[in-house]
Amino acid sequence: MKKHILKKQILQKELQIKKLHLHQTSSDICNQLYNTLILEKAVLKKELEELTKNPFIEKLKKSFSKKEKLICDYWNK
């Protein structure tokens, strides 16, 4: 149910962005609104992505993945 709501909200943001892009002028307010809509859409997409992840598979990936080695790790030895 939550996924459906998020998808609907993403579509609404995309529609708002398209409308604003068509009527966009060079004012700072329009640019700020456009950037805000883009950020809100990105947040909604990230939430949807988090809902579709399987926690069991994520734990498996985490346990079998290689540990990242940082440059500073070479000097700690």
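Anyway, here's the lowdown on the structure attached to this text. (Residues numbered from 1 in each chain as written. Predicted model: local features only at pLDDT ≥ 70, side-chain atom pairs only at ≥ 80, totals over all residues. Heavy atoms only, no water.)

Let's shift gears to the pattern of salt bridges. Here the idea is simple: oppositely charged side chains can pair when their charged atoms come close. According to the stated counting rule, one finds 5 salt bridges in the structure shown. Residue Glu 50 pairs with Lys 46 through a salt bridge whose shortest N-O separation is 3.9 Å. Highlighted residues: Glu 50 and Lys 46, both in helix H2 (residues 28–52), separated by 4 residues, approximately one helical turn. Overall, the relative accessible area of 42% leaves Glu 50 in the partly exposed class. With relative accessibility at 44%, the residue Lys 46 sits in the partly exposed group. For Lys 53, the salt bridge is made with Glu 50, and the minimal N-O distance between the two is 3.5 Å. Each of Lys 46, Glu 49, Glu 50 and Lys 53 takes part in salt bridges that share partners, so that together they form one network. (Salt bridge = Lys/Arg side-chain N within 4 Å of Asp/Glu carboxyl O. Helix = DSSP H or I, 4+ residues; strand = E, 2+ residues; numbered from the N terminus. Buried < 20%, exposed > 50% of the residue type's maximum accessible area, 1.4 Å probe, protein only.)

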